[in-house]
Amino acid sequence: MSTELRDEPEAVEVTPELEADAERAQARQGFLVALPALGYLILFFAVPLLIVFVYSFATRSSTGRTLLQDWNLDSYRRLWDPLVGEIALRSVVLAVLTTVICLLLSYPLAYYMATRPPKTRNLMMVLVLIPFWSNFLVRTYAWRVLLGSDGPISQLSQALGGEPIRILFTNTAVLIGLVYGFLPLMVIPVYAALERMDWSLVEAARDLYAPGWAAFRKVTFPLSMPGVIAGSVLVFIPTLGAYVTPALLGGARTTLLGDYIVSQFLAARNQPFGSALSVAVMVVMLIAVVIYFRRGGRTL
Amino acid sequence: MLKKAILMVSVLAVILSACGGDDGEASSAADCEVGATDGDLNFYNWSEYIDPELITAFEDEYGVSVIESFYESNEAMLSQIQGGVSYDLIVPSDYMVNIMISEELLVELNKDAIPNFANMDSDFTSQPYDDGANYSAAYQYGTTGLGVNTALVGEDFEASWALVFDPALTSEYPGGVSLLNDPRETMGAALMYLGYSLNDADADHLAEAVALIQDAKDNIAAFDSDQYDESLTAGEVAVAHGYSGNMIVSIGEADNPDDYVYVLPEEGATLWIDNMAIPTNAASVCTAHTFIDFLLDAENGATLTNWNYYGSPNAASQEFLDQEVIDFYADTASANTEVIEDQGDYEINYTDALAEAKS
């Protein structure tokens, strides 16, 4: 091959080596483009996670300092304490309940939205997203007023001659707050799945004499599964570790995982145990999500 | 595979060395002149705890800037200091002073550079967490007690923890009661009601305290460390467990302040003292000494107290205090109070006890 510069690239016979070279160059380029995001994730996500992991094997000194020596599994052994199991179970039940309620409320809404003309769809999408325009904490404080004994619900009850009703500081209040907070996270993926669905498949089912319900069960719902799974994961994960809503609306009357982990760091100054709890939650969550996606039968 | 393992180990080593940061430097009293400054003051304090005008006055008088940062808990502050973040002045509470002294995180104060130290009430220089006040100078003090809505509870009640723990009483209160969501304070309150010390470290006694809270739980509306004062003055709860300063402010701002009263239970209550202290990695140690001296001045100390409504440890400030604050803390000296002491390895049990009590 000549080494002098040319304006026009010379036609080169494509050999497997050249192809491999080009692929490598492309991969290098792709890597460089992804580098800022990768660096950010490594620095602010992977490294802190690694620190949490390392700390979970450390020892708490009697003054509450984390001693990075005498590495041990004591913190993990404590995970089998009945108290931890009880708290974890309660958190899982709450998260499952929130996810199911969100799904039951979101699916019909998403279905309705997806079957509207495009203009209406977009408008409704904006309406669903409006709550995100204000801070979650502020909105949760608003619920305190709404559910309090002097709130509109209580006033309505009194106007109708009933007793004042206080929903604030109950499990119901926590559930209301969580469903309210995470509902859009379920609506959006379900809507996205339904919106891009090929509706002619439903028509085909109807043409083959499938009744409406059967067509939904055999065609629409399976096709919307990726959205349902994505939405469920998006709702379930943050609910499992919810901290603000149970504290503000539930009055922290029952200990949940988020509250328990925070108290290990801020009250007990027991970073090893707090870290072990966090690692355990992450591992369980990861396994659950992997199984869930596998059972969903497709990747997103 | 081996390469990967080596990489892993070296990454871990870097992380560990970054986290260690223990230089075991012996702390000796700083060499500072009265009124000397050696740079701007990086002040790490609780939020809403100092009159901004005091900051401005200090800046004008000494020609340095005060950079304020805020924390919400002793533990959050401790982790910052342990993480190596440099502050010149911090305000740890009693038990935290003790922890920080034993962790060698505090500079020994040079009293010669703080002539106003003489203004301090002697009660605040002989506390067990720093006997002789060698590392800390009291900033403000307060108590943890009960705010009572007398319109709901009645005028005729006994100042006792029974107001929150006795179901025979609390079931009669509309809205119930609220307790702090703080393991030491809340388990401590239960221990005191049972006749034990706030610092009791006996597992059987703690189990009794857990059972006490569980039995009372039907009428405990919330475990709340943030909005208890607002819940009280909004009529959401009838009795609230909380800190004196927040109570006095919220009661003062309520529509009908006469309906509320803050009491210290006869079985005993928490006395807490926040203290100014200088971390070993401070950059402007002399400015910090000068600032401590500035705040211990009689009039400046009174300005501080009249602004944040906590108790003043400054004996010379008393004549400049608002009558309202004096009245509010009049009972504190004679009340049965105790300071929370760190219980070392036993400390983690209070957290689990509260988690269990709430189950």
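Just above, that's the structure.
Residues numbered from 1 in each chain as written. Chains lettered and ligands numbered in written order. Predicted model: local features only at pLDDT ≥ 70, side-chain atom pairs only at ≥ 80, totals over all residues. Heavy atoms only, no water.

J.: Lay out the pattern of salt bridges in plain terms, naming residues and giving numbers.
T.: For the structure shown, the criterion picks out eleven salt bridges over all chains. Its salt-bridge partner being R24(A), residue D21(A) comes within 2.9 Å of it at the nearest N-O pair. Taken together, the residues D21(A) and R24(A), both in helix α1 (residues 16-55) and three residues apart, mark about one turn of the helix. Classification of D21(A) as partly exposed rests on a relative accessible area of 40%. Of the charged contacts, one joins D74(A) and R77(A) as a salt bridge, the two residues approaching to 2.7 Å between their closest N and O atoms. Taken together, the residues span about one helical turn, with D74(A) and R77(A) both in helix α2 (residues 74-78) at a distance of three residues. Its relative accessible area of 44% is what places D74(A) among the partly exposed residues. Under the relative-accessibility criterion, R77(A) is labelled exposed at 54%. The structure contains a network of salt bridges with shared partners spanning R269(A), E75(B) and D342(B). (Salt bridge = Lys/Arg side-chain N within 4 Å of Asp/Glu carboxyl O. Helix = DSSP H or I, 4+ residues; strand = E, 2+ residues; numbered from the N terminus. Buried < 20%, exposed > 50% of the residue type's maximum accessible area, 1.4 Å probe, protein only.)

J.: Tell me about the side chain of T170(B), residues and numbers included.
T.: Within the secondary structure, T170(B) sits in helix α7 (residues 167-170). Among the polar contacts made by the side chain of T170(B), one reaches the side chain of N219(B) at a distance of 3.2 Å. (Polar contact = N/O pair within 3.5 Å; in protein donor to acceptor, adjacent residues only side chain to side chain.)

J.: I'd like to hear about the sheet that holds strand β3 (residues 89-90) of chain B, residue by residue, with values.
T.: Residues and elements named next belong to chain B. Across the sheet, which stays open at both edges, the three strands sit in the order β2-β1-β3 with parallel pairing between neighbours. Single-partner strands in this sheet number two, and they are β2 (66-71) and β3. In the sheet, strand β1 (residues 41-46) pairs with β2 via six bridges, with the strands oriented parallel. Residue Y44 lies in a different strand from β2, and its bridge partner there is S69. (Pairing = 2+ DSSP bridges.)

J.: Run through the side chain of S244(B), naming residues and quoting values.
T.: Within the secondary structure layout, S244(B) lies in helix α11 (residues 244-253). The exposure class assigned to S244(B) is buried, which follows from its relative accessible area of 0%.

J.: Got a sec to walk through the environment of S93(B)? Specific residues and values, please.
T.: All names here are of chain B. With respect to the helices and strands, S93 occurs in the loop between β3 and α4 (94-102). Take S93: its relative accessible area is 7%, and that puts it in the buried class. A distance of 3.0 Å separates a polar atom in the side chain of S93 from a polar atom in the side chain of N74.

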